[in-house]
Amino acid sequence: MTGHVTAPAAALADQLPAWVTLLRAPNPGPMTLDGTNTWLLRAPGAEHAIVVDPGPADEAHLAAITAHGPVALVLITHGHPDHTAGAPRLSELIGGARVLAADPAHTIGGEPLTAPGEHFGGLGLEIRLLNTPGHTADSVCFLVAHGDERVVLTGDTILGRGTTVVAHPDGHLGDYLSSLELLSTYRGIPALPGHGPALADCGAAADFYLAHRRARLDQVRAAVAAGAGTPAEVVAAVYADVDRSLWWAAEWSVRAQLEHLGVEIRESAPGGTELDQP
């Protein structure tokens, strides 16, 4: 039976390219694991760096990022505040560098990231935008290459430990499964996640996530067939091994799973919901 996953979805990366540096924000928690990963990328010999996910608006963390400057570009994997809240302040600290995100609300000094396969160059690194919605509607990943070395920055689409939530209604399970199928093609390429340790193989981690999500869908089907009448009841049946303090997040994923299965969620009494099977 599929249960709560707390281990990494693939082997840990034992070595990363020399042009990759991790700065971890001091915001550990049940949803952020050890804290938000801010990744700094600087091609060998290059003056300027690229920052991926500035993290929270923590002055000490932002100062640590600026100490690795100069920074020419800031990239955002998705709009959750543990990844973006520090971006406006960081842009000020580093002299107004562009901040690029899929969501215009988190874009500063440039155009939103909208074109799948879009390339960024000019700083000694080749960066390709991967459109990977699902965790959120605006989730993207970045394939970064220098010479024959490549990494995939996965944000919260793939975590370094455990599995991620589909943040319904913004997140969408069908989109998420498609995004995982895309990421499964990046075999043998390290995954640099938004939280947790780097993984050795993005493709293997995506395969694990796909199998886990499909098994969870089977469990949700079974729970509804057994009489679970509300999302909360499905959570209690399917996520019984998850700490109750996280059931609110599990309910996001359950609502996304029910939508994916075509199970209608009816509002009943105020504050309550009921399920209608198709």
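Data block above holds the structure.
Computed from a predicted model, the values in this text were never measured in an experiment.

What follows covers the sheet that holds strand β1 (residues 20-24). Spatial ordering of the open sheet is given by β1-β2-β3-β4-β5, a layout of five strands whose pairing is mixed. Of all strands in the sheet, those bounded by a partner on one side alone are β1 and β5 (98-100). For this sheet, the mean inter-axis angle between neighbouring strands, taken without regard to orientation, is 25°. Pairing between β1 and strand β2 (residues 37-41): five bridges, direction antiparallel. By the bridge assignment for β2, arginine 24 is matched with asparagine 37. Running at roughly 165° to β1, helix α1 (residues 59-66) makes contact with β1, β2 and β3 (49-52) of the sheet.

Across all of its chains, the model carries seven salt bridges by this definition. Two residues, aspartate 34 and arginine 161, come together in a salt bridge whose shortest N-O distance is 3.3 Å. In this pair, aspartate 34 sits in the loop between β1 and β2 while arginine 161 sits in the loop between β9 (149-155) and α4 (173-183), placing the two residues 127 residues apart along the sequence. Take aspartate 34: its relative accessible area is 34%, and that puts it in the partly exposed class. Residue classification places arginine 161 among the partly exposed positions, given a relative accessible area of 26%.

Okay, the pairing of strand β7 (residues 126-131) next. In the sheet, strand β6 (residues 119-120) pairs with β7 via two bridges, with the strands oriented antiparallel. Looking at β7, one finds that histidine 119 is bridged to arginine 128. In this structure, β7 lies alongside strand β8 (residues 140-146), joined through six bridges in antiparallel fashion. Paired with leucine 130 across the two strands is cysteine 141, which belongs to β8.

Let us look at the sheet that holds strand β10 (residues 191-193). With mixed pairing, the five strands of this open sheet are ordered in space as β6-β7-β8-β9-β10. With partners counted over all chains shown, the strands left at the sheet margins are β6 and β10, one partner each. Two elements, β8 and β9, share five bridges in a ladder whose sense is antiparallel. Within β9, the position partnered with histidine 146 by the bridge is glutamate 149. The strands touched by α4 are β7, β8 and β9; relative to β7, the strand with the most contacts, the crossing angle is about 150°.

A cis amide bond links glycine 69 with the next residue in sequence, proline 70, at an omega value of 5°. Mapped onto the fold, proline 70 is located in the loop between α1 and β4 (71-75). Across the junction of histidine 168 and proline 169, the peptide omega takes the value 5°, indicating a cis bond. Within the secondary structure layout, proline 169 lies in the loop between β9 and α4. Positive phi is not limited to glycine here, since leucine 33 has a value of about 55°. If you trace the backbone, leucine 33 turns up in the loop between β1 and β2.

Reading the values: rules and limits
- Numbering of residues starts from 1 in each chain and follows the order in which that chain's sequence is written.
- In keeping with the model being predicted, local features are shown solely for residues with a pLDDT of at least 70 and side-chain atom pairs are shown and tallied solely at 80 or more, while totals for entire chains, interfaces and linings include all residues.
- Processing note: side-chain calculations cover all non-hydrogen atoms of the structure and skip hydrogens and water entirely.
- Here a strand pair is declared whenever DSSP counts at least two bridges between the two strands.
- Each helix is a run of DSSP H or I of at least 4 residues and each strand a run of E of at least 2, with the numbering of both proceeding from the N terminus.
- To obtain an axis, a line is fitted to C-alpha atoms, over the contacting stretch when the element is a helix, and the angle between two such axes runs from 0 to 180 degrees between their N-to-C directions.
- Whether two residues are in contact is decided by their heavy atoms: any pair within 4.5 Å suffices.
- The rule for a salt bridge is simple: a side-chain nitrogen of Lys or Arg has to be within 4 Å of a carboxyl oxygen of Asp or Glu.
- Residue burial is assigned from relative accessible area. The probe radius is 1.4 Å, only protein chains are included, and a residue is buried under 20% of its type maximum, exposed over 50%, and partly exposed in between.

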